[in-house]
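# Chain and residue survey
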Amino acid sequence: MSKKEKLSTEAYKGVRDFYPEDQAFFNYLVATCRDAVQRFGYVEYHASVLEPAELYKAKGAENEEMVNEQTYTFIDRGGREVTLRPEMTPTVARMVSGRRRELGFPLRLFSIPNVFRYERPQRGRLREHWQLNVDLFGSKSLASDAELMMVAHDLMFAFGAKSSDFVIKIGSRAFLDELALRHGLSPESSRALVALLDRRGKMPAEEFEVKLEVLGVPLSSISGNEEPEEVTQVLQLLEDVGVGNAHFDPSIVRGFNYYTGLVFEVYDTHPENNRALFGGGRYDNLTALFDDESISGVGFGMGDVTIRDFLAVRDLLPPYIPPTKVYLVVTDAELVPFALGIAHELRTGRVNTAVDFADRKLGDQIKAATKHKIPFVIVVGEDEQRSGEFKVRSLDTGKEVSLRRDELVGYFTTR
Ligand code: HAM
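If you're wondering where the values come from, they're calculated on a predicted model, not measured in any experiment.

Procedures and definitions
- Residues numbered from 1 in each chain as written.
- Predicted model: local features only at pLDDT ≥ 70, side-chain atom pairs only at ≥ 80, totals over all residues.
- Heavy atoms only, no water.
- Domains from an automatic or database assignment.
- Axes fitted to C-alpha atoms, helices over the stretch in contact; angles between N-to-C directions.
- Helix = DSSP H or I, 4+ residues; strand = E, 2+ residues; numbered from the N terminus.
- Parallel < 35°, antiparallel > 145°, perpendicular 65-115°, else oblique.
- Contact = heavy atoms within 4.5 Å.
- Pairing = 2+ DSSP bridges.
- Buried < 20%, exposed > 50% of the residue type's maximum accessible area, 1.4 Å probe, protein only.

Think of interface size as the accessible area that goes away when the parts come together; that is how it is often given. Domain annotation for the protein chain reports domain 1 (20-49 + 85-313) and domain 2 (326-413). Taking only C-alpha atoms into account, the centre of domain 1 sits 51 Å from that of domain 2.

It is the contact of helix 7 (residues 187-198) with helix 8 (residues 205-215), at a shortest axis distance of 10 Å, that shows an interaxial angle of 170°. Classified by the angle between their axes, helix 7 and helix 8 sit roughly antiparallel to one another. Contacts from Ser189, Ala192, Leu193, Leu196 and Leu197 of helix 7 reach helix 8 at Phe208, Lys211, Leu212 and Leu215.

This part takes up the sheet that holds strand 13 (residues 326-330). A sheet is described by the order of its strands in space; here five strands give the open sequence 14-13-15-16-17, paired in mixed fashion. Each edge of the open sheet is held by one strand with a lone partner, namely strand 14 (353-355) and strand 17 (400-404). Looking at each pair of strands side by side, their axes are set apart by 30° on average, direction ignored. Across the sheet, helix 11 (residues 336-348) touches strand 13, strand 14, strand 15 (376-380) and strand 16 (389-394), and the angle it forms with strand 14 is around 170°. The strands touched by helix 12 (residues 362-371) within the sheet are strand 13, strand 15 and strand 16, with strand 13 carrying the most contacts at an inclination of about 165°.

Next up on the list: the pairing of strand 15. The buried count for strand 15 comes to five of five residues, which makes it a mostly enclosed element. With burial as the criterion, each face of strand 15 is covered, one bearing Phe376, Ile378 and Val380 and the other bearing Val377 and Val379. Pairing analysis gives five bridges linking strand 13 to strand 15, with the strands arranged parallel. Bridging across to strand 15, Val330 finds its partner in Val380. Across three bridges, the pairing between strand 15 and strand 16 is antiparallel. Bridging across to strand 16, Phe376 finds its partner in Ser394.

Now the structure itself:
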């Protein structure tokens, strides 16, 4: 590398750096998710981002597009094929299966992992995103399907959304299986049908019809069909608790092969964000990868990128509030030890305080505080040292108050 050629400061394609304001939003997201799902009795788990590649290739669970085109897979130094998880569901199924004897059922679990997919980066789609995963194991009751949708609904409200901001679209894999059976489709063709329906919105109508015909399914049999009884029951349960923005949508099929029952997606109703915010459904057989006896699961994933877009277009993003409350600007480097003493007192009083080391002009020190969005500065100079009186300036209002040293902690604890 020649001297002039410097490394790029950009993050790897399709992933994000989290500068403090981004991280603050992320922390808000995590806190909001935790609070909302814990209210329903879900408990948090976590796992490594590294998984053996076979977890995603195993028959019955695989998603061809995901495995062949989207996984980040490499060979480790011991010759093992390793994948950066593209989703959390196989991992949680593995974990639940591994401790099936000890864990109590129904088991309610959630996690907020980062997942990796080699996709073409675009609005709402990146190569790394964080995904809230909420899953319930060990119940086949339709009330558990409904519960997951209630969690999704309440979560949206926790972010400040209204009913009209999003819709819950419910589809049925069981319906599709029936359709496949009626048309005598082989298991391969029936998977191809699911993949085709999942990609329907991404291709011209004619192409869709031709592909459907090749599979031997007439267009008439997949459109205008009746609401399955299971969907009606779930919609009733939802309505009983005031969730009124859910409906049956036969075009919701979901791209993963592991789904077996109802599937659902939460959609943003804003025209700029026509993407799913949540996707999920029932998967009866995923744990059968690890054990003969399988435990039924139902759950969903919600991504941080799409929810952020959702909040941004509605002006629902929380304002950035830095954790630091006070910045001590120091007129002379010789006064730094004195300033450190004041800072120590403030910190002991639980007031988050940062100190400037006085290697720049006072104005520049204040500018730094403004850039950090710290709300208060205190000038520490010789006068202050002599008099024991300090000027506290609010950077929001420009107002100043004079306080004695022993009044400082008290002043900030109420602000
Ligand atoms: P998924 O539909 O692939 O489902 O992802 C769930 C959500 O993650 C999407 O609705 C979207 O918000 C977000 N998401 C997906 N891919 C990306 C991407 N490339 N960039 C940004 N956000 C993205 C699953 O992953 C299932 N494993 C969910 C599940 C949990 N099913 C049962 N339990």
